[in-house]
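Chain by chain, the residues:
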Amino acid sequence: MINPIITLAVVNFFPQRGEVEKNAARIGGYIRAAGRRGADLVLFPELALTGYCDEKDTPLAEKMQVKNACSLEDGPVLALRRAAEEAGVYALFGAPEKAGETVYNAAFVCCPDGRALTYRKLHPFAEENRWCSPGDSPLLLDTPFGKMGMGICHDTYSFPELPRYYAAQGAKLYLNLTALSSINTWDDFYRTTLQSLVIQTGMFVASANLCGSDLSCNFPGSSLVMGPSLGWIMGKEYPYCHVYAGGVGCFEQEMFLATIDLSRALPGVFAENPATGRPDFRPERYAAWYGELAGNRKEGAAR
């Protein structure tokens, strides 16, 4: 039986660079606090366990992210798995994941029943490619509150294929772990891309961003919970999207909570159109187009 009422917590988090034990202790503190405040799920930013920025002239083996990469069975992660289980919450945080000799920019998912999963960022951004490999698979969580999908930063803002895949699979909530720095018009970019995600997919969005400074990067926080507007559903002159907690301009290290009803996610183009008896969404056509693109790319690489 699905219970669509969920309390979400999103955290503006300021990690101490390379201090995994200290960061894990603070993340654990937020997990326990989220549980005490009635949260069902708490979301932390991209690379919250280590800090984000890359030192481009550092050899690969000496890079901070590579030296601190960990697995689901390493000590700090095991401690956070126990914290999530004891608090009875889902806890998601960003960390570099080590799998054999390969390192990924990953989201670690700690479940209230003690299980743990990882999502590996499909599209590493710019300098991240110096230290991590791209992941290959989406991760759709099946929870008592409904289905949830996730992406990490560049996945979310530049590749609408991922959230649309989740929405087509029945996801009601999209979880965005991000490390968006305060350069140029970051606020318009952040707000607009997340609003577009809500409008195009009908899903709710929870987004957690870093705050503070890491080397040359300044991070503005602005973690938020956003979703379809009830006013729009009622046909009134209200914005399509509503921010339920946090938002652009919330810069300090802080946790924001919102209780939302995931049954109000909109099926949109993924639902049956009564005029045709089928959804407007046409994945078979897109598969043919992308297959053509993939073939061209493979042919070009061979040449």
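Positions within a chain are numbered from 1, following the residues in the order the chain's sequence is written. With pLDDT at 70 or above as the cut-off, local features in this predicted model cover only qualifying residues; side-chain atom pairs require 80 or more to be listed or tallied, and sums for whole chains, interfaces and linings still use all residues. For the side-chain quantities, the full set of heavy atoms in the structure was used; hydrogens and water were omitted.

Chemist: I'd like a rundown of the packing of helix α1 (residues 20-36) against helix α3 (residues 75-87), residues and numbers included.
Modeler: Lines fitted to the C-alpha atoms define the axes, with helices restricted to the stretch that makes contact. Angles between their N-to-C directions range from 0 to 180 degrees. For helices the rule is a DSSP run of H or I covering at least 4 residues; for strands it is a run of E covering at least 2, with both sets numbered from the N terminus onward. Where α1 contacts α3, the two axes come as close as 9 Å, and the packing angle between them is 5°. As far as their axial angle goes, α3 and α1 are roughly parallel. Contacts between α1 and α3 pair Val20, Glu21, Ala24, Ile27, Gly28, Ile31, Arg32 and Gly35 from the former with Pro76, Leu80, Ala83, Ala84 and Ala87 from the latter. Note on residue classes: Ala, Val, Leu, Ile, Met, Phe, Trp, Tyr, Cys and Pro are nonpolar, Asp, Glu, Lys and Arg are charged, and everything else, Gly too, is polar. Here the contact of α1 with α3 is built from residues that sort into 9 nonpolar, 2 polar and 2 charged. Orientation categories follow fixed angle ranges, with anything under 35 degrees roughly parallel, anything over 145 roughly antiparallel, 65 to 115 roughly perpendicular, and all other angles oblique. Contacts were defined at the residue level, with two residues in contact if any of their heavy atoms lie within 4.5 Å.

Chemist: Lay out α1 in plain terms, naming residues and giving numbers.
Modeler: Take the number of residues in a helix, subtract one, and multiply by 1.5 Å to get its expected span. Under the 1.5 Å per step criterion, the end-to-end length of α1 is 24 Å for 17 residues, consistent within 8% with the ideal 24 Å. Three or more residues of α1 are buried, namely Val20, Asn23, Ala24, Ile27, Gly28, Tyr30, Ile31, Ala33 and Ala34. Among the structural elements, β1 (5-12), β2 (41-43), α3, β3 (90-99) and β14 (254-261) are those in contact with the buried residues of α1. Downstream of α1 by a residue or two, Gly38 has a phi angle that is positive, lying close to 90°. Accessible area is worked out with a 1.4 Å probe on protein chains only. A residue is then buried under 20% of its type maximum, exposed over 50%, and partly exposed in between.

Chemist: Kindly report on the nonpolar core, identifying the contributing residues and their values.
Modeler: Leu41, Leu43, Tyr119, Met150 and Leu175 are the most contacted members of the largest nonpolar core, which totals 53 residues. Ranked by residue count, the leading element in this core is helix α6 (residues 186-201), at 5 residues. Those residues within four positions of Tyr119 in sequence are excluded, and the remaining contacts are Asn105, Ala106, Ala107, Ser137, Pro138, Leu139, Met150, Gly151, Ile152, Asp155, Leu162 and Tyr166. Residues Ala33, Cys70, Ala91 and Ala116 belong to the second largest nonpolar core, which totals 30 residues. Joining through side-chain atoms within 4.5 Å is the link that ties buried Ala, Val, Leu, Ile, Met, Phe, Trp, Tyr and Cys residues into a set, and such a set is a nonpolar core.

Chemist: For the environment of Gly295, give the residues involved together with the corresponding values.
Modeler: Checked against the element boundaries, Gly295 lands in helix α8 (residues 283-302). In sequence terms Gly295 and Leu140 are 155 residues apart; their C-alpha atoms lie 27 Å from each other.

Chemist: Can you explain the state of the cysteines? Please cite residues and give values.
Modeler: Throughout, disulfides are identified as pairs of cysteine sulfur atoms within 2.5 Å of each other. Applying the stated criterion across every chain, the model contains 1 disulfide. The thiol of Cys153 is unpaired, and the distance to the nearest cysteine sulfur, on Cys217, comes to 11 Å. Judged by its relative accessible area of 10%, Cys153 is buried. Counting only cysteine sulfurs, Cys250 is the nearest neighbor of Cys211, a cysteine outside any disulfide, at a range of 11 Å.

Chemist: Any chance you could break down the pairing of strand β4 (residues 102-110) for me, citing the residues and the numbers?
Modeler: With 8 of its 9 residues buried, β4 lies for the most part within the structure. Pairing between two strands is assigned when DSSP locates at least 2 bridges connecting them. Bridging between β3 and β4 involves 9 bridges; their strand directions are antiparallel. From the neighbouring strand, Phe93 faces β4, where its bridge partner is Phe108.

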